[in-house]
Amino acid sequence: MISLYRVMTFLYQMIQLGENQENASAVGCKILSSDGSEIIEAGSIVWQDGSCHGYGRGSKDTKATDLSYPRPVDYVSGTCLMIEHEIFSQYGGFNNKVFPHYYEDTDLQMHVQHDLGKEVWLQPLAVAHHNEHATFGKEESVALMQH
């Protein structure tokens, strides 16, 4: 069971970073596999062709120094995204009509950066464990991401 202290520390780290970075409008955490054995992402990059890649993806060194400092990133997974309520509401939330399964979190964060001139930050001191592809299964998830 997760202790209340761990939850409060997690939230405090996320909120503190968002408040201390003047231009931050969204903050996300480092995401590990459900068993904690490898990194799913420590922030992500969007390449010029629109494809994406999670920093550190697949690394077994979950405490690698190059993935363990707060920094602006292209986007963080919607698995754990803290964003200003006003921005989320004014944008209409996640665009599930255009992006019904994946990429709606990226779309929102591209709006934050490119339309609003704000930043998305990674807070690696806050760590979440995630059962990736649990909704659709890996094969179907990969197919959906490619459309």
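Reading the values: the criteria
- Residues numbered from 1 in each chain as written.
- Predicted model: local features only at pLDDT ≥ 70, side-chain atom pairs only at ≥ 80, totals over all residues.
- Heavy atoms only, no water.
- Pairing = 2+ DSSP bridges.
- Helix = DSSP H or I, 4+ residues; strand = E, 2+ residues; numbered from the N terminus.
- Buried < 20%, exposed > 50% of the residue type's maximum accessible area, 1.4 Å probe, protein only.
- Core = buried A, V, L, I, M, F, W, Y, C linked by side-chain atoms within 4.5 Å.
- Contact = heavy atoms within 4.5 Å.

### Remarks on the pairing of strand β7 (residues 119–130)
Phase 1: Here 9 bridges tie strand β1 (residues 24–33) to β7, and the two strands are oriented parallel to one another. If you follow K30 over to β7, its bridge partner there is V127.
Phase 2: Where strand β5 (residues 71–73) and β7 come together, 3 bridges link them in antiparallel fashion. Each bridged residue has a counterpart across the sheet, and for R71 the counterpart in β7 is L122.

### Thoughts on the pairing of β1
Phase 1: The buried count for β1 comes to 10 of 10 residues, which makes it a mostly enclosed element.
Phase 2: In this sheet, strand β6 (residues 81–83) lies alongside β1 in antiparallel orientation, the contact comprising 3 bridges. Within β6, the position partnered with V27 by the bridge is M82.
Phase 3: Direction of pairing for β1 relative to strand β2 (residues 39–41): antiparallel, over a ladder of 2 bridges.

### Topic: the nonpolar core
Phase 1: Grouped together as the largest cluster of nonpolar side chains are 14 residues, with contacts concentrated most on L67, V73, I83, V112 and V120.
Phase 2: If you list the elements that add at least two residues to this core, you get β1, α3 (104–115) and β7.
Phase 3: In this structure, V120 is in contact with A26, R71, P72, V73, D74, Y75, V76, Q109, V112 and Q113, ignoring residues within four places of it in sequence.
Phase 4: Counting residues in hydrophobic clusters, the runner-up holds 12 residues, among them I40, W121, A126 and A128.

Fair warning: the whole summary comes from geometry, so function is off the table for now.
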